[in-house]
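If you want the building blocks of each chain, they are given just below.
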Amino acid sequence: VVLVGVVHAIKNQLDFLRQTVPLLRDRVPRLRVALVGDFAPERESYAAECEAAVRAAGLSEVVTFAGYQAHPERYYQAADLSVLVSQYEGLPRCMAESLACGTPMISFALPSTAEFLTEQALGSVVPHGNYRALADEIERFSLDGQRRLAMRERAAEVARAAFDPDKSVAGYLRAYERLSVRNGPTRW
């Protein structure tokens, strides 16, 4: 399992480490969790709390703080699953990156996550803050290799179609043109 993003309270890794990972340790014996993103426990109290929580729960063999990585795609590609537990997000960049790498995702209910993960069958969405449901879904996912493979095969294809920069810019231009025609020229 990989979580990509700066280790910060907004990204909510501490609650994931305290509430989900201990539930999974015994239920998913092969479990390994990598947190990829800026990590400075010597300077940042939240990062230090995350590190201390892992030690206190005896999870040091399960959880790795990989820190900043110039090529996070390597972590996505090596993982069976990525997880998103942020307090809030807009369109989560880590979701787009994960799918582009062919890695399914399980996420708390955040904007756009159901549209891509559930409706496109590229992962799952659980109620925000429900760490037990998150653990249950990760366990189900770990037991269903066919489901993982099917999602992995579609993920990059859907990401290319949905997040291609040229298509996105063209879509915005079409939307602006429709608005401009409908509403007349805009004066700034």
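Residues numbered from 1 in each chain as written. Predicted model: local features only at pLDDT ≥ 70, side-chain atom pairs only at ≥ 80, totals over all residues. Heavy atoms only, no water.

Chemist: Explain the overall build of the protein chain to me, and be specific about the residues and the numbers.
Modeler: Looking only at helices and strands, the protein chain features 8 helices and 6 strands. When its helices and strands are written in sequence order, the protein chain yields β-α-β-α-β-α-β-α-β-α-β-α-α-α. For the protein chain, the C-alpha atoms occupy an extent of roughly 65 × 40 × 30 Å along the three principal directions. Counting every position in the protein chain, which comprises 188 residues, the buried fraction comes to 43%. For the protein chain, restricting intrachain contacts to residue pairs at least 6 apart in sequence, the fraction spanning at least 24 positions comes to 63%. (Helix = DSSP H or I, 4+ residues; strand = E, 2+ residues; numbered from the N terminus. Buried < 20%, exposed > 50% of the residue type's maximum accessible area, 1.4 Å probe, protein only. Contact = heavy atoms within 4.5 Å.)

Chemist: Which residues make up helix H6 (residues 131-143), and what are the values?
Modeler: With 13 residues, H6 should cover 18 Å at 1.5 Å per step; its first-to-last C-alpha distance of 19 Å lies within 8% of that length. Here H6 starts with a cap whose side-chain oxygen sits 3.4 Å from the backbone nitrogen of Arg 132, and that cap is Asn 130. (Expected span 1.5 Å × (residues − 1). Polar contact = N/O pair within 3.5 Å; in protein donor to acceptor, adjacent residues only side chain to side chain.)

Chemist: Describe the packing of aromatic side chains, and please don't skip the residues or the numbers.
Modeler: Inspection of the entire model under this criterion finds 3 aromatic pairs. The interplanar angle of 5° and the centroid separation of 4.3 Å between the aromatic rings of Phe 39 and Phe 65 together place this pair among those described as stacked. With a gap of 26 residues between them, Phe 39 in the loop between strand S2 (33-36) and helix H2 (45-56) and Phe 65 in strand S3 (residues 63-67) connect regions that are remote in the sequence. Using a relative accessible area of 18% as the deciding quantity, one classes Phe 39 as buried. (Phe/Tyr/Trp six-rings, centres within 6.5 Å; stacked < 30°, edge-to-face > 60°.)

Chemist: How would you summarise the pattern of salt bridges if you had to cite specific residues and measurements?
Modeler: Counted according to the given criterion, the structure contains 9 salt bridges. Residue Asp 136 pairs with Arg 27 through a salt bridge whose shortest N-O separation is 2.5 Å. Taken as a pair, Asp 136 in helix H6 and Arg 27 in helix H1 (residues 13-27) lie far apart in primary sequence, 109 residues in all. On the basis of relative accessibility, which here comes to 27%, the residue Asp 136 falls in the partly exposed class. In this structure, the salt-bridge partner of Glu 97 is Arg 93, at a minimum N-O distance of 3.4 Å. Of this pair, Glu 97 and Arg 93 are both found in helix H4 (residues 93-100), 4 residues apart, which corresponds to roughly one turn of the helix. Overall, the relative accessible area of 65% leaves Arg 93 in the exposed class. Ionic contacts of the salt-bridge type, sharing partners, join the residues Arg 27, Asp 136 and Glu 139 into one network. (Salt bridge = Lys/Arg side-chain N within 4 Å of Asp/Glu carboxyl O.)

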